[in-house]
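Structural features, examined
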Amino acid sequence: MDDGMDEIVREFLVESHENLDQIDVDLVALERDPESRERLARVFRAVHTIKGTSGFLGLPVLEGVAHAGETLLASLRDGDLHLSTERASLLLATVDAIREILTSVEAGTGEGPRTFEDLVSLLHRSVADEPVLVGEPAPAVEPAPAPQDLPAPAGVVTAPTAPVGSPVPGPGSTPVRAVPEPVEPVAAEDDEREVPGRRGAAESSVRVDVAVLDSLMRLVGELVLTRNQLSAHHGGQSGADQPAGGAAVAAAPTGAPGDHGRRARGSMMQPRNLGSSDLQDAVMKARMQPVDTVWAKFPRVVRDLATACGKDVSLTMLGRDTELDRGLVEAVRDPLTHLVRNAVDHGIETPAERVAAGKPAGGALVLRASHESGRVVIELSDDGAGLDPAAITAKAVERGIITPAQAASMSAHDAHALVFRPGFSTAAAVTNVSGRGVGMDVVKTNIEAIGGTVELSSTPGRGTTVRLTLPLTLAIVPALIVVVGEQRYAVPQTLVRELVAVHGGGHVVEDVAGVQVLRLRERLLTLVDGRTLLEAESGPPGAIVVLDVDGRVFGLVVDEVQDTEEIVVSSLGEHLAGTEVFSGATILGDGAVALILDGTGLSGLALTGEQRADLLADAGSEDRSREDARRLVVVRADGERHLALPLDAVTRLEDLDGGSVERLGEGWAVRYRGGIMPLVEVASVVGGRPGRTPGGGADGSASRAVVVVSRGEHPVGLVVDAIVDIADEDPSVAPQDGRRGPGVVGGAVVGGRLVELLDLEAALRCAGPVPTAALLEEAVA
Amino acid sequence: MSATYVTFSLGEHLVGLPVERVQEVLGSLPMTPVPRSDSRVAGLLNLRGQVVTGIDLRTRFGLPADEAGSGTVVVRSASGPVALVVDRIGDVIDVDDVQPPPATLAGPVRDLVRGAFVLSDSLLLDVRLDAVLALDR
């Protein structure tokens, strides 16, 4: 085949694939709204085009299939036949067959081994208005041909469809006879009408190879780099002569006395800056694709899956023209497909269950895309059963992902986050659709890999919403440049929640048994020391970058915080693939290479106690898995008893102000953050003497502390005599589990001292029912 | 059968790579160290706007890291360019008649050397580049 021909075939393939996607969408829509002539006509035209071109290119099988499909479509379009579910399925099967042949042609193996004679014959029979279901006896004589409710009554009477009792056209016979004559002329007319429109589109747009766009993007990336280098050179004395990778380079413009050359360059830089920014924007735009390129197949996916599950699901897609970068379109394809399948398979209930729950039998699935403050948001909502936090935590405990104590104190939001943990699957049974325990964690990993976030919210019985927030583009991201030791590192701006200056800011880093914590607005923030992490010399902390990685908030201690910079992300080569704290590298304005810190990697270290694990590794002790080393809050209560509870369960540590304690029913409570927080005396939970009232009634002099834990959405205050320590449990000593007395579930060693583990569930039970405002009013009165 | 080799020194050794595998030869380049990485990774460098991983060939060969490399040999690998930090860059020479590696070679070097060429005044080690680049072995 010569080049010219090749080119024609290629164009035909590209165009046909696009058409087929559109046909899928239209057919599924038609099933719900069979009256849409416009859609029918569009499907007809698309199949007609494929038929025509395949005849021209000498693809007889494809031509035959397309022709048979076209014949059925013509009858439907003219209102001679009604689009039943069977016919829709048949047409979708036709689309699949065309796709299969095209794929085979694309692979260079001709039209493939199959001839699709069965399908063609089924199509013919359908045109002849015979039931196409295999195994169903052919109806002898039926007075009124199938259509249950034809749009126009006239159609029933006058339509020259297959006359009742006419011979069934065999696979080999000519089916055209059964088709009303006017079909071909109408088709021709349609085509002629179509031509001017097409030409218009062709004049205003061109097909560009993706590779060209990718290379353009790379070139622009380099241009941005050069611009940054130039402005760094202009802005400071740093420049190219500065040893790259050297000490912190202050990018602040210096007021260097009279350098005319620099000033002149400055004025030249201005237009250049504008020019390259515009170019960057323009290339970005060229790479934008509507999210619909991913969504187009979802109506079909939802239909097929819903049919397979015996469910009735309607899919609504809003914001289909929302554009995002091509690279992102590819990256969200699989995660989104997984979420859609999940929603149909697990989210939406069967019609019977829905009716029993007082909901309409048909489930609704809504995909919504929009741009929000420079990011793309894609939301998938269903009105299904929702997620039951209790079921999730129970499952997580069963799988050993969390401890029962953690489960007891877990808020609904935290419980929902569990479904993203590896190895977690809520599906009770493994189905062929999902529920294999992979999935949601992969979705999260994939979305995070492109700098996005995943949030899930759910109301039991009402439905679930998954919200993906994505950057507009992959290639260039804003980042905060921080200095640790002698090196600069880039932190993606999307992770940075706030910056805390340690000097003069009134903030004190507390060193509790080798673990650094920061009290920030009454909240306890675990810290990761960047200097230890990045093998630099430790000094006094310079600044703390508060990072938010999927709701896990922690502080990164750095020596200095510099500017923000637009960085071009490069991936790390194979030799550095195993370094979990870096997600890539970039070239800074002065030409030095800087590593990009990975939020997920850092948060993993923040939560498992990196220093502790390192110490243990050095000591050569057998490593019990890192998750086993729980971080505990150690408190003193009931005289000199030391009790511990997991830090994960603790939301805040507060001092108790005796004056604000009020009587609440049989217990005590304080007004706390606009609500009421019941107080539980830990001493009484563990069977000791309640001693003083929480406010310090008896000898009110001693100040006491409150460990705030959450019960669902509501806080509960555990009153203790003092907070002693926050430290890791020593994993080299096996924990002693089992009830050791009232309110105690075991023992552990922390910092060489034996502590009792508080039974959090028992403590929460002591808090009584969730208080209401009315209850408090009553108590106060 | 003669071949052209780029040569460089590494401790006591004179080492060579076929010229086809070498993209370019440069002096010492500023390198950004990568904490928590393999000790044989020298760092990352900026090669005309491209971030390239540098491998410290001294450490790779199990030699003490007492001399800072003065040369960089950028080689082509399946996954893009990789920079090798070497002691000193030598000449580009034509060689033929490869011999088995000398029996006196010991340590990690032994697995990394395919053969040797006898030059007038020294021995040129023919290095297995793919083995050098595969740090996990």
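Residues numbered from 1 in each chain as written. Chains lettered and ligands numbered in written order. Predicted model: local features only at pLDDT ≥ 70, side-chain atom pairs only at ≥ 80, totals over all residues. Heavy atoms only, no water.

An unreviewed UniProt entry lists chain B under the name Chemotaxis protein CheW, with Phycicoccus sonneratiae given as the organism.

1. Observations regarding the pairing of strand 4 (residues 41-47) of chain B
Among the seven residues in strand 4 of chain B, five count as buried, and that is most of the element. Hairpin geometry of strand 4 of chain B and strand 5 (residues 50-56) of chain B is characterised by an intervening segment of two residues between the two adjacent antiparallel strands and by a positive phi of about 45 degrees at Arg48 of chain B. (Buried < 20%, exposed > 50% of the residue type's maximum accessible area, 1.4 Å probe, protein only. Helix = DSSP H or I, 4+ residues; strand = E, 2+ residues; numbered from the N terminus. Pairing = 2+ DSSP bridges.)

2. A look at the interface of chain A and chain B
Taken residue by residue, the interface counts 27 residues in chain A and 21 residues in chain B. Carbon and sulfur atoms make up 63% of the area that chain A and chain B hide from each other, which totals about 1,900 Å². Counting across the chain A and chain B interface gives five residue pairs in polar contact (both at pLDDT 80 or more). Elements that contribute at least two residues to the side of chain A that touches chain B include exactly helix 8 (210-235), strand 9 (487-492), strand 17 (582-587) and strand 18 (593-597) of chain A. Across the side of chain A that touches chain B, the residue classes break down as 14 nonpolar, nine polar and four charged. (Contact = heavy atoms within 4.5 Å. Buried area = accessible area lost by both parts, 1.4 Å probe. Polar contact = N/O pair within 3.5 Å; in protein donor to acceptor, adjacent residues only side chain to side chain. Nonpolar A, V, L, I, M, F, W, Y, C, P; charged D, E, K, R; others polar.)

3. Here we look at the sheet that holds strand 6 (residues 453-459) of chain A
All names here are of chain A. If you walk across this open sheet you meet the five strands as 2-4-5-7-6, and the pairing is mixed. Each edge of the open sheet carries a strand with a single partner, namely strand 2 (313-318) and strand 6. Strand-to-strand, the axes of this sheet are offset by a mean angle of 15 degrees, without reference to chain direction. Strand direction decides the pairing type here: strand 4 (residues 363-372) and strand 5 (residues 375-382), joined by eight bridges, are antiparallel. Opposite Arg368, over in strand 5, you have Glu379 as the bridge partner. Against the sheet, helix 11 (residues 298-309) touches strand 2 and strand 4, its axis set at about 165 degrees to strand 2. Those strands touched by helix 17 (residues 440-449) are strand 6 and strand 7 (463-471), and its axis lies near 140 degrees from that of strand 6. (Axes fitted to C-alpha atoms, helices over the stretch in contact; angles between N-to-C directions.)

4. Some thoughts on the nonpolar core
If you look at the biggest cluster of nonpolar residues, it comprises 58 residues, and the most contacted ones within it are Leu547 and Phe582 of chain A together with Leu17, Leu44, Phe61, Val75 and Leu84 of chain B. Element by element, the count of residues in this core is highest for strand 14 (residues 543-549) of chain A, at four residues. Apart from the residues within four sequence positions on either side, Val75 of chain B is in contact with Leu17, Arg21, Val22, Gln23, Gly80, Pro81, Val82, Leu84, Leu129 and Leu133 of chain B. With 45 residues, the next largest nonpolar core counts Val301, Leu336, Ile402 and Val454 of chain A among its residues. (Core = buried A, V, L, I, M, F, W, Y, C linked by side-chain atoms within 4.5 Å.)

5. Comments concerning the pattern of salt bridges
A pair can form between side chains of opposite charge whenever their charged atoms are brought close. Residues and elements named next belong to chain A. For the structure on display, the rule yields 28 salt bridges over all chains. With a shortest N-O distance of 3.2 Å, Arg300 and Asp304 are connected by a salt bridge. Taken as a pair, Arg300 and Asp304 lie in helix 11 at a separation of four residues, close to a single helical turn. The class of Asp304 is partly exposed, set by a relative accessible area of 33%. Via salt bridges that share partners, Asp21, Asp24, Glu31, Asp96, Arg99, Arg300, Arg303 and Asp304 belong to a single interconnected network. (Salt bridge = Lys/Arg side-chain N within 4 Å of Asp/Glu carboxyl O.)

6. Here we look at unusual backbone geometry
All names here are of chain A. Although it is not a glycine, Phe116 adopts a positive phi angle of roughly 60 degrees. Mapping Phe116 onto the fold places it in the loop between helix 4 (85-106) and helix 5 (117-127). Phe116 sits in the buried class, given a relative accessible area of 8%.

7. Some thoughts on the confidence of the model for chain A
Residues and elements named next belong to chain A. Per-residue confidence for chain A gives a mean pLDDT of 72, with 70% of residues at or over 70. Contacts of residues 236-258 to residues separated by more than four positions or lying in other chains number 29 contacts, the stretch itself having pLDDT below 50. In the predicted structure, residues 695-701 sits below a pLDDT of 50 and forms six contacts with residues beyond four places in sequence or in another chain. (pLDDT = per-residue confidence, 0-100.)

8. Observations regarding the sheet that holds strand 9 of chain A
Two strands in a sheet stick together by hydrogen bonds in their backbones, pointing the same way (parallel) or opposite ways (antiparallel). All names here are of chain A. With mixed pairing, five strands are arranged side by side in an open sheet as 16-8-9-18-17. Sheet topology places strand 16 (560-568) and strand 17 at the edges, where each strand pairs with a single neighbour. Pairs of neighbouring strands in the sheet enclose a mean axial angle of 35 degrees, with direction left out of account.

9. Observations regarding the packing of aromatic side chains
In the structure shown here, the tally under the stated rule is two aromatic pairs over all chains. Between Tyr489 of chain A and Phe582 of chain A, the aromatic rings sit 6.2 Å apart at their centres with planes inclined by 5 degrees, giving stacked as the arrangement. Of this pair, Tyr489 of chain A sits in strand 9 while Phe582 of chain A sits in strand 17, placing them 93 residues apart in sequence. Comparing Tyr489 of chain A with Phe582 of chain A shows no difference in burial state: the two are buried. Measuring from ring centre to ring centre gives 5.0 Å for Tyr5 of chain B and Phe117 of chain B, while their planes differ by 65 degrees; the resulting arrangement is edge-to-face. Pair noted here: Tyr5 of chain B is in strand 1 (residues 2-10) and Phe117 of chain B is in strand 10 (residues 113-118), with a separation of 112 residues, a long-range link. By relative accessible area, which is 6% here, Tyr5 of chain B ends up buried. (Phe/Tyr/Trp six-rings, centres within 6.5 Å; stacked < 30°, edge-to-face > 60°.)

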